[in-house]
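Listed below, chain by chain, are the residues.
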Amino acid sequence: MHNTADLQETVDEIARVLGASATLEDRSFRLLAYNAQHGEIDAVRQESILRRRATGEVRDYFERFGIAKAHGPVRIPADHDLKARICWPLRHREVTYGYLWLLDSGALSDEVLARAGGLVARAASALAHEARSRQDAGRGLRALLSADPEERATASTGMPGPVAALAVRESPDRVAALWTLPRGVLALAGSPVALLSPAHLAAEVAHTLQSVYGTAAGIGAPRQDPADAWQSWREAQQALRIAEHFTRFAPVARWEDLGVHRLLARLGRADLRELAAEVAGLDGELARTVETYLDLGGHAQKAAAELGVHRQTLYYRLGKAERALNRDLDDGDDRLVVHLGLKAAHLSDPSPSG
């Protein structure tokens, strides 16, 4: 994370100078530091401290006041259980890196706020420096994850193992502040977003970013030597592909949990289309029926319940599918061909199934 001690010291000093409760959050509203209490606090501030992050509803409410683009303190009036407060955007060179929040009992005039101007600028500069450091490390990450051994030879992270790579699908509608991720996590914006994390933090980071973007993520298997992170990155991209096409593994897929889907994810489009051609004779309803039946190990009662149909309807559809494919679903080889074909059909479609 950020240099928490320095940020905490700055927030404590701001609270002392202004005589007000203060919290400091990054641009994604993740709590970075807060001071000892001055008077009563409201539920919003309490939740922010306990959860280490404001809720989506709270963020949406405050952003309506234009805090993301404001160049100075924004006064937010009291509303029901919400106490009046001031949001002071932490801007450096015209970029907002975070927010300072102050509970306002009415004593925080513009003249009083001016006393903390230098301290606020210091906090903004610290967050900007952290962001620049992350960007520099991200450029090194590109080389580390490259499939070219000569390019990888130029990379060095200084990160101890074990590490795991992550691939997270970006969103055109949402922005994630990558520099706010825990210290030791390297990130590189792209399609997908590439990350390298200490292995024990990988799942947490993947779920955090996936939630921000509202998309999907894949986690590669850990590697003890960071020099082998490119292999984990390849797995992470393939796991992401599975997460995007199979609801069962969404929204975050771990390479180690994918079973036979790992083999399918390694296949190219041509091979997938060849497998998918085996089930081209099935319409959408029959394909879903057969896939559900095979996913459940040929258990008719469970498949009928999953599909919401009578067991006789299930048998009718299975028989119709067998005739369309000229396959016998009681035969092991035929069953395998059909099952793989149905899975390959998902992956051969470039658009996620959701």
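A quick note: this is a predicted structure, and the numbers were derived from the prediction, not measured. (Residues numbered from 1 in each chain as written. Predicted model: local features only at pLDDT ≥ 70, side-chain atom pairs only at ≥ 80, totals over all residues. Heavy atoms only, no water.)

**Q** Quick question: what am I supposed to make of the pattern of salt bridges here?
**A** Side chains that carry opposite charge are capable of pairing whenever their charged atoms lie near each other. Counting across every chain of the model gives 14 salt bridges. Notably, a salt bridge pairs Asp257 with Arg254, separated by 3.2 Å at the nearest N-O pair. By relative accessible area, which is 47% here, Asp257 ends up partly exposed. Residue classification places Arg254 among the partly exposed positions, given a relative accessible area of 36%. Salt bridges sharing common partners tie together Arg75, Asp104 and Asp110. (Salt bridge = Lys/Arg side-chain N within 4 Å of Asp/Glu carboxyl O. Buried < 20%, exposed > 50% of the residue type's maximum accessible area, 1.4 Å probe, protein only.)

**Q** Just to check I follow, could you spell out the packing of helix H11 (residues 284–295) against helix H13 (residues 311–325) for this structure?
**A** Helix packing for two helices is described by the angle between their axes and how far apart those axes are. Here H11 crosses H13 at 105°, and the two axes come no closer than 10 Å. Considered as vectors, H11 and H13 are oriented roughly perpendicular to each other. Seen from H11, the contacting residues are Glu285, Leu286, Thr289, Val290 and Tyr293; seen from H13, they are Leu314, Arg317, Leu318, Lys320 and Ala321. Here the residues of the contact of H11 with H13 sort into six nonpolar, one polar and three charged. (Axes fitted to C-alpha atoms, helices over the stretch in contact; angles between N-to-C directions. Helix = DSSP H or I, 4+ residues; strand = E, 2+ residues; numbered from the N terminus. Parallel < 35°, antiparallel > 145°, perpendicular 65-115°, else oblique. Contact = heavy atoms within 4.5 Å. Nonpolar A, V, L, I, M, F, W, Y, C, P; charged D, E, K, R; others polar.)

**Q** Explain the sheet that holds strand S1 (residues 22–26) to me, please; I cannot follow it from the model alone.
**A** Strands pair in a sheet through their backbones, by hydrogen bonds, and they do so in one of two ways: parallel or antiparallel. Read from one edge of the open sheet, five strands run S2-S1-S5-S4-S3, paired in antiparallel fashion. Whereas interior strands pair on both sides, the edge strands pair on one side only; in this sheet they are strand S2 (31–34) and strand S3 (74–76). On average, each strand axis in the sheet is inclined to that of its neighbour by 25°, with strand direction left out of account. Across five bridges, the pairing between S1 and strand S5 (residues 95–103) is antiparallel. Following the sheet pairing, Asp26 is matched in S5 by Gly98. (Pairing = 2+ DSSP bridges.)

**Q** Even after reading the chapter, I still don't get the nonpolar core, so can you show me in this structure?
**A** Soluble globular proteins: nonpolar side chains tend toward being buried together. In this structure, Leu141, Leu196, Trp233, Ile242 and Leu258 are the most contacted members of the largest nonpolar core, which totals 33 residues. Elements that contribute at least two residues to this core include exactly helix H5 (117–144), strand S6 (163–168), strand S7 (186–188), strand S8 (193–198), helix H8 (229–245), helix H9 (261–266), helix H10 (269–276) and helix H14 (332–348). Dropping the residues within four chain positions of it, Leu196 is found in contact with Leu141, Leu144, Met159, Val163, Ala164, Ala165, Gly184, Val185, Leu186 and Ala229. Counting residues in each nonpolar core, the second largest holds 27 residues, with Ala15, Ile86, Leu100 and Ala116 among its members. (Core = buried A, V, L, I, M, F, W, Y, C linked by side-chain atoms within 4.5 Å.)

**Q** Even after reading the chapter, I still don't get the packing of aromatic side chains, so can you show me in this structure?
**A** Where two aromatic rings form a pair, the distance of their centres and the angle of their planes describe that pair. Evaluation of the coordinates by the stated rule reveals six aromatic pairs. Note on Tyr61 and Phe62: the rings are 5.5 Å apart at their centroids and 65° apart in plane angle, and the pair reads as edge-to-face. Per residue, the accessibility class of Tyr61 equals that of Phe62, and both read buried. Among the aromatic residues, those joined into a cluster by ring pairs are Phe29, Tyr61, Phe62, Phe65, Tyr99 and Trp101. (Phe/Tyr/Trp six-rings, centres within 6.5 Å; stacked < 30°, edge-to-face > 60°.)

**Q** It is not clear to me how the side chain of Ser197 should be interpreted in this structure. Could you clarify?
**A** Mapped onto the fold, Ser197 is located in strand S8. Setting aside residues up to four positions removed in sequence, Ser197 forms contacts with Met159, Pro162, Val163, Ala164, Leu166, Val185, Ala202 and Val205.

**Q** Would you mind going over the environment of Thr96 with me for this structure?
**A** Residue placement: Thr96 occurs in strand S5. Thr96 sits 26 residues away from Ala70 along the chain, and the two C-alpha atoms are 8.7 Å apart. Residues within four places of Thr96 in sequence aside, it is in contact with Arg27, Ala68, Pro89, Leu90 and Arg91. Within the local environment of Thr96, its side chain forms a polar contact with the backbone oxygen of Ala68, the two atoms lying 3.0 Å apart. (Polar contact = N/O pair within 3.5 Å; in protein donor to acceptor, adjacent residues only side chain to side chain.)

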